[in-house]
Amino acid sequence: MLLNAEEGYIVMPKLHSCRLLVLAVLTAVFLILPLNSAQALTQRDWMIVLVDGLGRSFGLPDSPQPDDYLNILQGKRNLRFEAENVHSEDDEVSTLSFLNYGPFSGSGWLLGTSRPTAVHLRFVLPLDGRYRLSVAVHLPGHTLKVGAQGFTADGDAQKFSKVEVGEVALTAGHQEIIVTLPPGGALDYFELAAPNLPPIAPDGGWQPNVALTWDALAVTAVQALHLEKELPLTERSLAVEAETLSETGGAQVVEDAHLGRPSGGRWLRTAAQAAKVGVPLEIAQGGFYDIDLAVMGAGIDLLINGQQSLAIEGKPYLAAVTTPPVFLPKGPNHLEITLPPGGGLDRIAAKARQSDLTALTAALGLTLAGDAPTSADLDRLTARLSSAAR
């Protein structure tokens, strides 16, 4: 409406002017609001659903951040906690950063008093497990209490030393370990170590603020639901002869043929000492792979990209062993194979399984609707995740 100052009456604007005004307002609104806002999910949304659906949300702090979800989904269970960061403010200890007892970890260390001093270490454990507990302490005579279990830790009298004290079964969530320092004792850090769980991550890793795609959802759902074996094998493979490797850990190149026929005429063999053999793999297309190993010996360990560990039982002669499918991201990957004394390694091959979106959704029994996943798609997967966690 317009006011005519001279005549003193109100004038209604023309009808077509009103329509133009409405159209302008609507256009502005659509420019501000993202298209398909109901479907604009991020990887963080899916990370939250995964952690909750797998029953792992107990390992989150009270105000979780993206890194807290990452810690759980990465499956890492080799953890170090700096004592100066997690002890109670009421503990009668001093935080120092001098080199009194040699090098230390983190920003400092805790010094007790002239009498036995209790230190209350409080932290959030991301994942359940049976952990090996170690502490870095100075002086003998430390005691530890974890729930109903008690341990002792005798450190070096001159410097900090790491002492493995025993195994503890811990559930994810808030935990407390009470360490009683002897008179003049000092505490640097404690560690909890258990085999890592298989990681759950899309190719290229998690990017919490990036829009969620069908590819990222499908590959991580297959990992979470352990459906890798449902993916068909392909003809694609990448093979490496062990005798061509530079990182042999002391294993020697031999040509012996009486323990099996090596594929290239030569192979690696250990003598009286175990050896760690490093195998670089440049993966052109990220996806699921079976690892084929021609090995000899019992108690062989395969470590994939510094995290996922697989135990392999070879024979007293060279023979092929195939691991369950594992996910290898695009780009450089690294295998570390620990051979026992008298063990051997001939050939390593990564054999690809179909890992495109069509194969992944077929393994999941998932029907794609729309260009990207919606909240309804995530809801449908929640029940399956909960079943897999049981």
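See the structure shown above.
These numbers come from a predicted model, not from an experiment. (Residues numbered from 1 in each chain as written. Predicted model: local features only at pLDDT ≥ 70, side-chain atom pairs only at ≥ 80, totals over all residues. Heavy atoms only, no water.)

Caption draft 1: Representation of the environment of Lys 159 in the model. Assignment of secondary structure puts Lys 159 in the loop between strand S9 (149–153) and strand S10 (161–170). Residue Lys 159 is classed as partly exposed on the basis of its relative accessible area, which comes to 44%. Sequence separation between Lys 159 and Tyr 101 is 58 residues, and the spatial gap between their C-alpha atoms is 4.2 Å. Look past the residues within four positions of Lys 159 in its chain and what remains in contact with it is Tyr 101, Val 137 and His 138. (Helix = DSSP H or I, 4+ residues; strand = E, 2+ residues; numbered from the N terminus. Buried < 20%, exposed > 50% of the residue type's maximum accessible area, 1.4 Å probe, protein only. Contact = heavy atoms within 4.5 Å.)

Caption draft 2: Quick look at the packing of aromatic side chains. Counted by the stated rule, this structure contains seven aromatic pairs. Here the aromatic cluster, defined as three or more aromatic residues joined through ring pairs, consists of Phe 81, Phe 123 and Phe 190. Lying across the ring of Tyr 189, Arg 80 places its NZ or CZ 3.8 Å from the centre. (Phe/Tyr/Trp six-rings, centres within 6.5 Å; stacked < 30°, edge-to-face > 60°. Lys NZ or Arg CZ within 6 Å of the ring centre and 35° of its normal.)

Caption draft 3: Summary view of the nonpolar core. Grouped together as the largest cluster of nonpolar side chains are 66 residues, with contacts concentrated most on Trp 46, Phe 190 and Leu 192. The dominant element in this core, judged by the number of residues it contributes, is helix H5 (residues 214–225), at nine residues. Apart from residues lying up to four places away in sequence, Trp 46 is in contact with Trp 206, Leu 212, Ala 216, Leu 217, Thr 220, Ala 221, Leu 378, Leu 381 and Leu 385. Counting 29 residues, the second-largest nonpolar core is a separate cluster that includes Val 277, Ile 283, Tyr 289 and Leu 293. (Core = buried A, V, L, I, M, F, W, Y, C linked by side-chain atoms within 4.5 Å.)

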